[in-house]
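The residues making up each chain are set out below.
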Amino acid sequence: MNYCWLFNIGIEDNWSVDRFKIKDLEEDRIVQHMEEIMLMMADRDDTLLLRRKPNDTFLRQMRSYGFGVPQIICPEKEDTTKTITQLVLEDNKVLWELKELSHKKDTYLLPYGVTEDEEILAKECGMGLIGPNSTVSRVSNSKLYAKELVKKLHLSSPDGKVCENFDQIREEWDRLRNQFRRIVIKRPYGASGRGLYLVEDFEKLQKVLYILKRSGSENEKWIVEGWYEDKFETNK
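Rules used throughout
Residues numbered from 1 in each chain as written. Predicted model: local features only at pLDDT ≥ 70, side-chain atom pairs only at ≥ 80, totals over all residues. Heavy atoms only, no water. Helix = DSSP H or I, 4+ residues; strand = E, 2+ residues; numbered from the N terminus. Buried < 20%, exposed > 50% of the residue type's maximum accessible area, 1.4 Å probe, protein only. Contact = heavy atoms within 4.5 Å. Areas by Shrake-Rupley, 256 points an atom, 1.4 Å probe, with all protein chains shown as cover. Lys, Arg positive; Asp, Glu negative; His and termini not counted. Charge placed at Lys NZ, Arg CZ, Asp CG, Glu CD. Pairing = 2+ DSSP bridges. Axes fitted to C-alpha atoms, helices over the stretch in contact; angles between N-to-C directions. Salt bridge = Lys/Arg side-chain N within 4 Å of Asp/Glu carboxyl O.

Student: I keep staring at the overall build of the protein and nothing clicks. Help me out?
Tutor: When helices and strands are tallied, the protein shows 10 helices and 9 strands. By its C-alpha atoms, the protein is 60 × 40 × 35 Å across when sized along the principal axes. Going through the 236 residues of the protein one by one, you find that 40% of them count as buried. Long-range contacts, defined here as pairs at least 24 residues apart, represent 63% of the contacts in the protein between residues at least 6 apart. Per element, the accessible surface of the protein, about 14,300 Å² overall, is 50% carbon and sulfur. A distance of 2 Å separates the average location of the 38 positive side-chain charges in the protein from that of its 42 negative side-chain charges.

As structure tokens, this is what we get:
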């Protein structure tokens, strides 16, 4: 059995309803290369899809530490605006290699998250797919789902609520500002701090609401919560 590891971070962009996105390509490049952490999880008999092959000296050092470096396959094209899965689907040579691999032995695609693209890739190459289907993955990765689930289970969670319109956002901000120095407005999807808006005064609230109106959808929901300040900094 062979596992094909795929760290397709950034898939939350496919779930967002933002009409306007400001992209930081340098930030995207750094985040996307977090995929190399899969080298520490994959076995030497596995396959790893990466945007770019790591330095040979680095790989030799990995082996010297006892890590079983897997077979590494990289698409020819580099494009930070696309997910690794999209790049693989556009690369006929990589698709052929994956098809050959799955013909030789049972191969399972093991992605960071599942969207329609990963389902297409697995089917195209004759691989099994480990993880929930794209519909379940989208729902379960939403902060709205997490907020509602925690409430349903009566677990402790930050003070706040899900808001369905801008009037509700203003009302919840007004309620929470008496208890918290800052309020955070969260979009349903986003990682690494994306989709979070910290509000410390009414002027900032107005600016954030303007952004949400311009870039969102009439049917979008938001989470408004109090921002809990750090009591102690452990990184000093």
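Student: Would you mind showing me how to read the sheet that holds strand S9 (residues 222-226) here?
Tutor: Strand pairing in a sheet is mediated by backbone hydrogen bonds. Such pairs are either parallel or antiparallel. If you walk across this open sheet you meet the 4 strands as S6-S9-S7-S8, and the pairing is antiparallel. If you trace the sheet from one side to the other, it starts and ends with strand S6 (160-163) and strand S8 (196-199), each paired once. For this sheet, the mean angle separating the axes of adjacent strands, direction not counted, is 20°. The pairing of S6 with S9 spans 4 bridges and is classified as antiparallel.

Student: How should the pattern of salt bridges be read in this particular structure?
Tutor: Once the charged atoms of two side chains with opposite charge are near each other, the side chains can pair. By the definition in use, this model includes 14 salt bridges. The salt bridge partner of Lys147 is Glu225, with a shortest N-O separation of 2.7 Å. Here Lys147, found in helix H8 (residues 143-152), pairs with Glu225, found in strand S9; they are 78 residues apart in sequence, far enough to count as distant. The same class applies to Lys147 and to Glu225, which are both buried. Of the charged contacts, one joins Glu225 and Lys186 as a salt bridge, the two residues approaching to 2.8 Å between their closest N and O atoms. In this pair, Glu225 is assigned in strand S9 and Lys186 in strand S7 (residues 183-186), connecting sequence segments 39 residues apart. Assigned by exposure class, Glu225 and Lys186 land together as buried. Salt bridges sharing common partners tie together Lys147, Lys186 and Glu225.

Student: For this particular structure, what's the right way to read the environment of Trp15?
Tutor: Along the polypeptide, Trp15 turns up in helix H1 (residues 12-15). Judged by relative accessible area, Trp15 falls into the buried class, the value being 5%. Sequence-wise, Trp15 and Lys204 are 189 residues apart; in three dimensions their C-alpha atoms are separated by 26 Å.

All we've got here are geometric facts, nothing functional implied.
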